[in-house]
Amino acid sequence: MANGVWHTEYGIEINLTQPDLGVRGYPGLLEEIMTSVSERNPQLLECLAHKAGKPCASEAGGKSPWMFIRRARVGGRSPLVAAHLPITHKPTPAESDQHKATKERIVATAEGYGLAADAEVGMPNRRGVTDAVVTGPSGIQIGWEIQYSPLSSSSVHRRSVNAMEHDITPLWVAKEDTAALIDRAPWARVDDMSWREIADGSEMVIRGGYRHLQVWRCLASSALHCPDNGGTGHCGAIHAEWFLPALCDPPKPPVRIEDLILTSATGDSVPVFVPSRGGGRAGRHMWVPRTECRTWRELTGQWAPLPKVQEQETDDEITFSEQEIDRSCRAGEERWFRSDPRPVRDLGQPTGGFTLARMPAQRKRRATWITQVERSAAAATLGCPPWEVGPCIGCGQLMRRYGRNAALACDACRASAVPRQRGA
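Computed from a prediction, not measured in an experiment: that's the story for all the values here.

Calculation notes
- Residues numbered from 1 in each chain as written.
- Predicted model: local features only at pLDDT ≥ 70, side-chain atom pairs only at ≥ 80, totals over all residues.
- Heavy atoms only, no water.
- Helix = DSSP H or I, 4+ residues; strand = E, 2+ residues; numbered from the N terminus.
- Buried < 20%, exposed > 50% of the residue type's maximum accessible area, 1.4 Å probe, protein only.
- pLDDT = per-residue confidence, 0-100.
- Contact = heavy atoms within 4.5 Å.
- Salt bridge = Lys/Arg side-chain N within 4 Å of Asp/Glu carboxyl O.
- Pairing = 2+ DSSP bridges.

Notes on the overall build of the protein chain
When you go through the protein chain residue by residue, the secondary structure sums to 10 helices and 17 strands. For the protein chain, the proportion of its 424 residues judged to be buried stands at 44%.

Now the structure itself:
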């Protein structure tokens, strides 16, 4: 693999091992050369040997002297490398058919639900085309991006930000659990199906990217394990985490792609970014039921909307070894060079753990007051609306009520009011 290329439009030599790429005065150059070939001039980057008039092994073999840049994975490092383009760089016919069948199914399903849907929608700033845009009754726009072929995380980030800047919520669809798009933006993973199965309406279950909130008291009788004790023992606290439907207690029904097409457009399913339990910048994007999202926000106090620009994660950072540029053609080496295997990103484990703070011990006969967060957690655990405390409208005695609009009167005052209501 080569560590340098020639930029045909700027007329500059680029050293991929240098943090500044060996040149100055070209802001945005790294993002430009990392752009997918389908979105730029295929002849933007040239083999340095070919530029110098020296033998280019790729061209001699009947292929292309033009190049593209990708991020490799070697021994825990992430250097940039340049590789020659094949004669064609379009997806294979099988990939194209899968992509087309999924796109058509999304549009047809949305229209069957009475939603507005369009395929191949260009962005107003002309910086990209969305595979399908589904618009809900209240104006919510969901931009479906079917990505069955590899795509860099930087491209996912750039296109997602572009969509959100135009009030379109991106929804990326992958079929591999190693796809770089997972957790980089709102996403969903489906099975690797043939285009005919997709077109014929075979069930497409969302295998990853959609979760349900579980709130439970950590007791010996609980079927869910304690996240604070390494999955062993029970601490007696109230925990909250996001689970895949099949791992819930009791299990939730699977979510199909038709379900997500409808509920994402109506707002009944919403995208959230849940920070990892250990804190920091890391976290996960996921689709969740709107009602459960509200419960989660009440418990954690995380009311911030989906971030417009997600911070760069550690495994996105590029490694620069600062070496001398190699101007010889390395086309023959591309056949045996292999990056480290892509790590599995869709692990399926519970995520976004939150443990409610334990209440301090109270003295005997002293009133126990709980916070609104604790009240919401208790309601979620018991499956009832949060209750509130207030004075009886008749005698002033403190009473519990479920919901702000519920009647607030003690049994005695309620009973004494019945005859007067009948007499009236």
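Points about the confidence of the model for the protein chain
For the protein chain, mean pLDDT is 81; residues scoring 70 or higher make up 78% of the total. Between the elements of the protein chain, mean pLDDT differs from a low of 55, seen in helix α10 (residues 411-423), to a high of 98, seen in helix α7 (residues 257-266). When the criterion is pLDDT under 50, residues 359-367 qualifies, and its contacts beyond four places in sequence or with other chains add up to six contacts. Per-residue pLDDT stays below 50 along residues 418-424; that stretch engages in zero contacts with residues further than four places along the chain or on separate chains.

As for the pattern of salt bridges
Counted under the stated rule, the structure contains 13 salt bridges. Between E13 and R327 there is a salt bridge, and its shortest N-O distance comes to 2.8 Å. Linking E13 in strand β2 (residues 12-15) with R327 in the loop between α8 (290-300) and β15 (351-355), this pair joins segments that are 314 residues apart in sequence. Take E13: its relative accessible area is 28%, and that puts it in the partly exposed class. Overall, R327 belongs to the partly exposed group, its relative accessible area being 44%. The shortest N-O distance in the salt bridge between D20 and R24 comes to 3.9 Å.

Looking at the environment of W6
Among the structural elements, W6 can be located in strand β1 (residues 4-7). The spacing of W6 and L48 is 42 residues in sequence and 5.7 Å in space, taken between C-alpha atoms. Once residues within four sequence positions are removed from consideration, W6 is found in contact with G11, I12, E13, L44, L45, E46, L48 and K51.

A closer look at the pairing of strand β7 (residues 129-135)
Where burial is concerned, most of β7 is hidden: five out of the seven residues are buried. Where strand β6 (residues 116-122) meets β7, six bridges bridge the pair, whose relative direction is antiparallel. Opposite G122, over in β7, you have V129 as the bridge partner. Connecting β6 to the next strand, β7, in antiparallel fashion are six residues, including R126 with a positive phi near 65 degrees. With four bridges joining them, β7 and strand β8 (residues 141-146) adopt antiparallel strand pairing. Bridge pairing in β8 places T135 opposite Q141.

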